[in-house]
Each structure stands twice: as C-alpha cells, then as structure tokens.
Amino acid sequence: MGRVLFAHGHLLRFDRKQHAIGKPYPPLATITAAAYLRSLGHDVALYDPMLDDDTRGFAPALARARPDVVVIYDDVFNWFTKMCLGRMREAALGMIAAARAAGARVVVSGHDAADAPEVYLGAGADFVAVGEAEITLGELLAHMDAPANVPGLVFRDRGLVRRTGPRALLKELDELPLPAWDLVEVERYRAFWRERHGYFSLNVNTTRGCPYKCNWCSKPVYGNTYHTRTPDNVVAEIRLLRERYAPDRLWFCDDIFGLKARWLIPFSERVAAEGLALPFLCQTRADLMTAENVAALRRAGCAETWLGVESGAQSVLDAMDKGLTLAHVRGAVTRLRAAGIRIGFFLQFGYPGEGWREIEMTRNLVRELTPDDIGISVSYPLPGTRFHASVQAQLGEKRNWKESDDLDPLFPGLFSREFYRRLSRTVHAEFRTRHALRTLRGLVAAPRAVDKSSWKALTGLAELPLWLANSAALYAQVGRSRQKIARGS
Ligand code: SF4
C-alpha cells in the first residue's frame, strides 16, 4: 500500500470577495476521498492551504509525507470551486511540478481538470480523474501500470491523450467512510471563524447531484442524478463533529438540501430526538418550501436558507429553465419567515433576454420581499451547460474569471462589465441602507430589542451615499446604452 498526499489549490486569499466574507470551510470532498483510500489500507496525509497566504507550504508537506502519489483533489462540494478561478489553477499547476520534481506520481481531480485535462497533463500530471473520483482513485492505485482498465481516467499514452470509459456513480453513499476529519487542522479554522464572526461553522454533505435542469448550472459529475446518504449515516457524522470539534454551526453544502420530504422529515426527527440540532445554513429551492418541509428544517435546527431566486422577471426564470415561479418565491419567504428562518437570495444579472426592465423587476422583488441577505453574480457560461453552448460562438479570449467578483459577462451582451459591477455595488448598497433603516425603525418602536446584530445592521446607513452616487451613474450608463441601441451601434 502506498503513501498518498492529498492537496488542493483553493486558497481563501486568492479570492478577494470570499476572503472579505471570511467563511472558509475545510476541503470536505478531499478528506472524503482520503478517508476512502485510507479504508483500503493506504497511508494518507493532507496539504490544506485554504488559510495560507500562498502554496509555499507544499514543499515541506511533500518532504514530510514523502508520498508515492500526490492527489490534487478539489473540494467539489464547495460551489466556488466550480468557477475555475485562474489563480487556483496556477496553484495546482505549481504543485504538480513540485510533486513531479519530488519523484511522486500525480493525479488531479476537479471541475477544471475535467474540463481541460490536457492543461494538467501538459503540466506534468500523470492522470486526471473525471467524474466521481473516490473509487477511480482506489482502482488506479491498485493498477497504476494498467490504467486503461480503470474507468474515469484521462492520461497520456505514447504521446496521445487517452480516455477510459465513464465512471459509474455511487448509488449507496453510505458505503463511503466518514470524511477523514482528523487530517484537518480544525483549530486553525475555529480561530479564523471566531475572530471574524464570533462563532465556528463546519461543513457536512448529505447528497450528491440535483435533478433540476437550470440551463446555466454546471453538473459535470452528477448530471441530473441525485443520491443521498441515509439520515442515520448523516446523524453519525454530526454526532462525531459535535463530540470531537464542537462547532457552533453547520453548513449543509448540498446543491439542494432536503429535496425529498421522505428524507428530510425522518432526519429532522432523529436529530431532534438525539439532541444533536445545531443552527445550520443550507441551500434549497423556493418550490420545496412547503409547510411540512419548513417545519422539518426548523426542527433540525435550520437558521438560514439560501434560495436560488435569480431574477424577479418570470421571463428570465423561464429562459433559464429554472422551473420556478415568483409565486413559489413569495410563498417560501412567507413560510420561512413565519418559522423564524433567515432567508438569503442568490441573484443573477446578465442572462440573455434580460434588459433594464427585467433588472428593475429583480430589484423590486428584493424591495418587496426584504430577504435578510443577498448574493449577486453575473450569468457565467460554465463549460458543458446549455447556456454555454448558446453563447459559445460569441465568447472572446477570456473564458474564466480570475476571482468570483469579476462579474465579466464573458460574452457581448446589452451592458458592459463596468455596468454589472456598478449594478452589483448599487443593489448591495441599497439593500444594506434599507435594511439599516428598517432596523432603525424597529429600534425606535422597541428600544429594548437592541442587540449586537442591530448595531451591525445600522452600519448599513453609511452606504447611503454609495447607493445614491452609484444609482445616478447607473442611470446615466443605461441612458447611454439606450442611445447606442437606438443608433444601432
Ligand atoms: S436547482 Fe440549483 S443545483 Fe439544481 S440545477 Fe438548478 S441551480 Fe443547479
């Protein structure tokens, strides 16, 4: 059995927006794969640079682990690894070179490597594992000299890039061991979170895949499949995390948490009966927020849900194949708010067919429903999606964002990158100002209700000048765009 060093190239510091948000999570997919290889008898170690300034720690990690194989394995459960951020690719390529120089063989697994395996093979990687990679890794390590028989690989063979057959997805996720949490320097994460937020959160994954078909959403590994761990298996992990690491909160990092009521309800009952409920955050869909699902979320400890609302224009939702109506969104907000669960909206600007009118509809929806938080992005043509295919011919040389607040539409649309950046700043500034004003009104009515979060909300008043200045500039930009359209240029 071999010595295997797992690594990844996702550093919080590489992404200004994520660094400012300051909510780093350990690389859950990476330590799940590590746990699986360990269960086969391999000696595993982890190089986790998430909280580092750079990847200079990789050389000492190599020297300590003296691995036969280095596996650079993205945390595919963390949504922002999907964006193939340029600096993270560079970090991975640097680690490939260092690992090769140290005499290790190198395997890479992640969204970007699956999209562009030749880049990683060209940098010296021996194999790229595409698709769900745990079982592929186990088989590859057992048959390193006969990789052609291992499904799910891309590698060079006598100068040619060769692909083996597709890797079948795991149907029984409970067959995987619990993630190798012991490899993570949990105290570094705790210190970071406590300093920034006053609490500490860890991540848990309960499902893989999503059966919906939003046409901009990249699902290279799971397609439209959806597999779940059993409630018992997830409860065992929560118990372990609570006993060993005592997190204050959890993030269920599923694409869609609790999609099936027949899973969510027994899960919530188990968690409540065993006294394991912790405040948690999850992503879900507005159309799943039935009364019984919201009650189950509450029972299990849910403190905050993020909904993929995307747009306030039904025409844009329909163009995205979102399968969602604005009535779903309004109903979900009513029920979640009544249950005391905070609500975040993911919003997306710049989808083809969206003009200024549709942008205003989205802004009006936010004003009407007053979510507790918003996250804004610009439609990003991820390779392999229908949306990507529809704009592919118009894509310029730039294909990736360097950082998640790049907000470059990447294809020529109605408005420029500067416009979307200003729009994002304006909507955020308006949101925070209005939130502060509501808080202020509430405090005037009930002064005793003041707490730490009220003070934080009140700081939003400082954003008023930003809101006003950016709004004026935004309207001027829209006016110029209209003139341009009228001139036909
Ligand atoms: S519901 Fe979410 S995860 Fe599923 S396809 Fe739509 S955007 Fe993707």
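Residues numbered from 1 in each chain as written. Predicted model: local features only at pLDDT ≥ 70, side-chain atom pairs only at ≥ 80, totals over all residues. Heavy atoms only, no water.

Looking at this structure, how should I read the environment of Gly57?
One can find Gly57 in the loop between strand E2 (43–47) and helix H3 (58–65). Take Gly57: its relative accessible area is 27%, and that puts it in the partly exposed class. (Helix = DSSP H or I, 4+ residues; strand = E, 2+ residues; numbered from the N terminus. Buried < 20%, exposed > 50% of the residue type's maximum accessible area, 1.4 Å probe, protein only.)

Explain the pairing of strand E15 (residues 373–378) to me, please; I cannot follow it from the model alone.
Working note: regular strand, side chains alternate between the two faces of the sheet. Residue alternation in E15 divides its side chains into a buried set, Ile374, Ile376 and Val378, and an unburied set, Asp373, Gly375 and Ser377. Bridge count between strand E14 (residues 342–349) and E15: six bridges; the pairing is parallel. Bridging from a neighbouring strand, Phe345 pairs with Ile374 of E15. With helix H14 (residues 356–369) bridging E14 and its parallel neighbour E15, the resulting β-α-β unit is right-handed. (Pairing = 2+ DSSP bridges. Right-handed = clockwise from strand over helix to strand, strands pointing away.)

Hey, could you run me through the environment of Arg425 in this one?
By secondary structure assignment, the location of Arg425 is in helix H16 (residues 417–445). What makes Arg425 partly exposed here is its relative accessible area of 40%. Residues Arg425 and Ser471 lie 46 residues apart in sequence; the distance between their C-alpha atoms is 9.3 Å.

Can you walk me through the nonpolar core in this structure?
For soluble globular proteins, the rule of thumb is that nonpolar side chains tend to be buried together. Counting 107 residues, the largest nonpolar core has Phe6, Phe252, Phe267 and Phe345 as the members making the most contacts within it. A per-element tally of this core places helix H2 (residues 28–39) first, with eight residues. Ignoring sequence-local partners within four residues, the contact set of Phe345 consists of Trp306, Leu307, Val309, Val329, Val333, Leu369, Pro371, Asp373, Ile374 and Gly375. (Core = buried A, V, L, I, M, F, W, Y, C linked by side-chain atoms within 4.5 Å. Contact = heavy atoms within 4.5 Å.)

What should I look at first to understand the site of the ligand in this one?
Taken together, the neighbourhood of the ligand is formed by Cys210, Tyr212, Cys214, Trp216, Cys217, Lys219, Asp255, Ile256, Arg285 and Lys322. Taken together, the residues of the shell around the ligand break down into six nonpolar, no polar and four charged. (Near = heavy atom within 4 Å. Nonpolar A, V, L, I, M, F, W, Y, C, P; charged D, E, K, R; others polar.)

Even after reading the chapter, I still don't get the sheet that holds strand E6 (residues 153–157), so can you show me in this structure?
Backbone hydrogen bonds are what pair the strands of a sheet, in a parallel or an antiparallel way. Judged by pairing direction, the sheet is mixed, and its seven strands sit side by side in the order E2-E1-E3-E4-E5-E6-E7 without closing on themselves. This sheet does not close on itself; its edge strands, each paired only once, are E2 and strand E7 (160–163). Averaged over all pairs of adjacent strands, the angle between strand axes in this sheet comes to 25 degrees, irrespective of strand direction. The pairing of strand E5 (residues 127–129) with E6 spans three bridges and is antiparallel. Looking at E6, one finds that Ala129 is bridged to Leu153. Running over the sheet, H2 touches strand E1 (3–7), E2 and strand E3 (69–73) and is turned about 170 degrees from E1. Packing of H3 onto the sheet brings it into contact with E1, E2 and E3, and relative to E1 it is tilted by some 160 degrees. (Axes fitted to C-alpha atoms, helices over the stretch in contact; angles between N-to-C directions.)

Just checking my understanding: could you explain the pattern of salt bridges for this structure?
When the charged atoms of two side chains lie near each other, side chains of opposite charge can form a pair. This model, assessed by the stated rule, comprises 28 salt bridges. Here Arg190 ties to Glu187 by a salt bridge, and the two come within 2.8 Å at their closest N and O atoms. Taken together, the positions of Arg190 and Glu187, both in helix H8 (residues 186–197) and three residues apart, correspond to about one turn of that helix. When its relative accessible area of 14% is taken as the criterion, Arg190 is described as buried. (Salt bridge = Lys/Arg side-chain N within 4 Å of Asp/Glu carboxyl O.)

Honestly, a positive patch on the surface in this entry has me stumped. Any pointers?
A surface patch of positive charge is lined by Lys23, Arg249, Lys452 and Lys456. Along the chain, Arg249 falls in strand E11 (residues 249–252). (Patch = residues over 30% accessible without salt bridge, like charges linked within 9 Å, V, L, I, M, F, W, Y side chains within 5 Å. Areas by Shrake-Rupley, 256 points an atom, 1.4 Å probe, with all protein chains shown as cover. Lys, Arg positive; Asp, Glu negative; His and termini not counted. Charge placed at Lys NZ, Arg CZ, Asp CG, Glu CD.)

Honestly, the packing of H14 against H16 in this entry has me stumped. Any pointers?
Axis angle and axis distance: for two packed helices, these are the angle between their axes and the distance between the axes, and together they describe the pair. Close contact between H14 and H16 brings their axes to 11 Å; oriented N to C, the two are set at 20 degrees. Regarding the angle of H14 to H16, the classification is roughly parallel. Here H14 and H16 pass one another in a crossing that is right-handed. Between H14 and H16, the contacting residues are Trp356, Ile359, Arg363, Val366 and Arg367 on the first element and Phe419, Leu423, Thr426, Val427, Glu430, Phe431 and Arg434 on the second. Among the residues forming the contact of H14 with H16, the class breakdown is seven nonpolar, one polar and four charged. (Parallel < 35°, antiparallel > 145°, perpendicular 65-115°, else oblique. Left-handed = near helix turned anticlockwise from the far one by under 90°.)

When you look at unusual backbone geometry in this model, what are you seeing that I'm missing?
For residues besides glycine, phi is generally negative; the peptide bonds are generally trans as well. Here the phi dihedral of Arg66 falls at roughly 40 degrees; this positive angle occurs in a residue that is not glycine. Within the secondary structure, Arg66 is located in the loop between H3 and E3. For Arg66, a relative accessible area of 55% gives the class exposed. The phi dihedral of Asp321 is positive, around 55 degrees, even though this residue is not glycine.

Is there a simple way to think about H3 in this case?
The α-helix advances 3.6 residues per turn, and as a result positions three or four apart in sequence lie on the same side. Taken as a whole, H3 has its buried residues at Phe58, Ala61, Leu62 and Ala65. Burial along H3 is one-sided: seen end-on, the buried residues are contained in an arc of 100 degrees. Exposed and oriented more than 90 degrees from the buried face of H3 are Ala63 and Arg64. Residues of H3 that are buried sit in contact with E1, E2, E3 and helix H4 (86–101). One or two residues past the end of H3 sits Arg66, with phi positive at roughly 40 degrees. (Arc of directions from axis to C-beta.)

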